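Coordinate inspection notes
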Amino acid sequence: GIRVHGRPVQVLDYSLSSACASMHTCANDLKVLNGSNGQDLGSDPEKLKREFYAAYKDDVTMQGVDAFVCSHPAAMCELFAPFNKPRIVFATTRFEMARCFTDANPEGCAHNPTKWRAWLEHLKGMAASPRDLVLANNEYDAQYMAYFLGRKVEAVSSL
């Protein structure tokens, strides 16, 4: 099993990625989310976040979670805010992914900057919180995030 600082860690990986089959981590039997709205939170993000929390707030597995890790896209961490548990953003690519662009909607932030601004404000709050952790997996993305967040972001290589 996985150990962090000598302690055993159990990782629950419920992937919405189109590549999840190769790692056998595809999410099954999800409530509320699917491969599309799980990334970009759909046309009404606030409604989806409320529905997600309502569907999982009494879930035994979710109650046993010690922390949420969000990486690709990092912006999925918005969904976990109401659970009042630590969140770790580990941006593996541009942190605005899924708020400015998705595979289905590649035009970028200029099309609709509302989701981007909301995610940026949310992430600023996370970066300032002693409970949450905001990281990037390379120096470029760490500097990129620092520019927008106004604070240093640590780069932790995934290799």
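One can find the structure itself at the top, above this paragraph.
First things first, this report covers the structure right here in the doc. Quick caveat, the model's predicted, so the values are computed rather than measured.

Reading the values: rules and limits
- Residues numbered from 1 in each chain as written.
- Predicted model: local features only at pLDDT ≥ 70, side-chain atom pairs only at ≥ 80, totals over all residues.
- Heavy atoms only, no water.
- Helix = DSSP H or I, 4+ residues; strand = E, 2+ residues; numbered from the N terminus.
- Expected span 1.5 Å × (residues − 1).
- Contact = heavy atoms within 4.5 Å.
- Phe/Tyr/Trp six-rings, centres within 6.5 Å; stacked < 30°, edge-to-face > 60°.
- Buried < 20%, exposed > 50% of the residue type's maximum accessible area, 1.4 Å probe, protein only.
- Lys NZ or Arg CZ within 6 Å of the ring centre and 35° of its normal.
- Pairing = 2+ DSSP bridges.
- Axes fitted to C-alpha atoms, helices over the stretch in contact; angles between N-to-C directions.

**Examining helix H2 (residues 45-56)**
Between its first and last C-alpha atoms H2 spans 16 Å; for 12 residues at 1.5 Å apiece the expected length is 16 Å, and the two agree. In the core, the buried residues of H2 are packed alongside helix H1 (37-40), helix H3 (60-63) and helix H4 (114-128).

**Quick look at the packing of aromatic side chains**
Here the structure, examined in full by the defined rule, presents 10 aromatic pairs. Here Phe68 and Phe80 contribute two aromatic rings whose centre-to-centre distance is 4.2 Å and whose plane-to-plane angle is 10°, an arrangement assigned as stacked. Of the two residues, Phe68 sits in strand S3 (residues 68-70) while Phe80 sits in the loop between S3 and strand S4 (87-91), which places them 12 residues apart along the sequence. Each of the two residues, Phe68 as well as Phe80, counts as buried. Clustering of aromatic rings is evident, with ring pairs tying together Phe52, Tyr53, Tyr56, Phe68, Phe80 and Phe83. A cation over a ring is seen here: Lys31 above Tyr56, with NZ or CZ 4.9 Å from the ring centre.

**Regarding the side chain of Asp141**
Considering the arrangement of structural elements, one finds Asp141 in helix H5 (residues 139-149). Excluding anything up to four places from it in sequence, Asp141 contacts Thr92, Thr93, Arg94 and Ala136.

**Details of the sheet that holds strand S5 (residues 133-136)**
The four strands lie next to each other as S3-S4-S5-S6, forming an open sheet whose pairing is parallel. With one partner strand each, in any of the chains shown, S3 and strand S6 (154-155) form the two edges of the open sheet. Pairing analysis gives three bridges linking S3 to S4, with the strands arranged parallel. Residue pairing in the sheet places Cys70 in a bridge with Val89 of S4. Where H4 meets the sheet, its contacts fall on S4 and S5, and the angle it forms with S4 comes to roughly 120°. Each of S4, S5 and S6 touches H5; the most contacted strand, S5, lies at about 135° to it.

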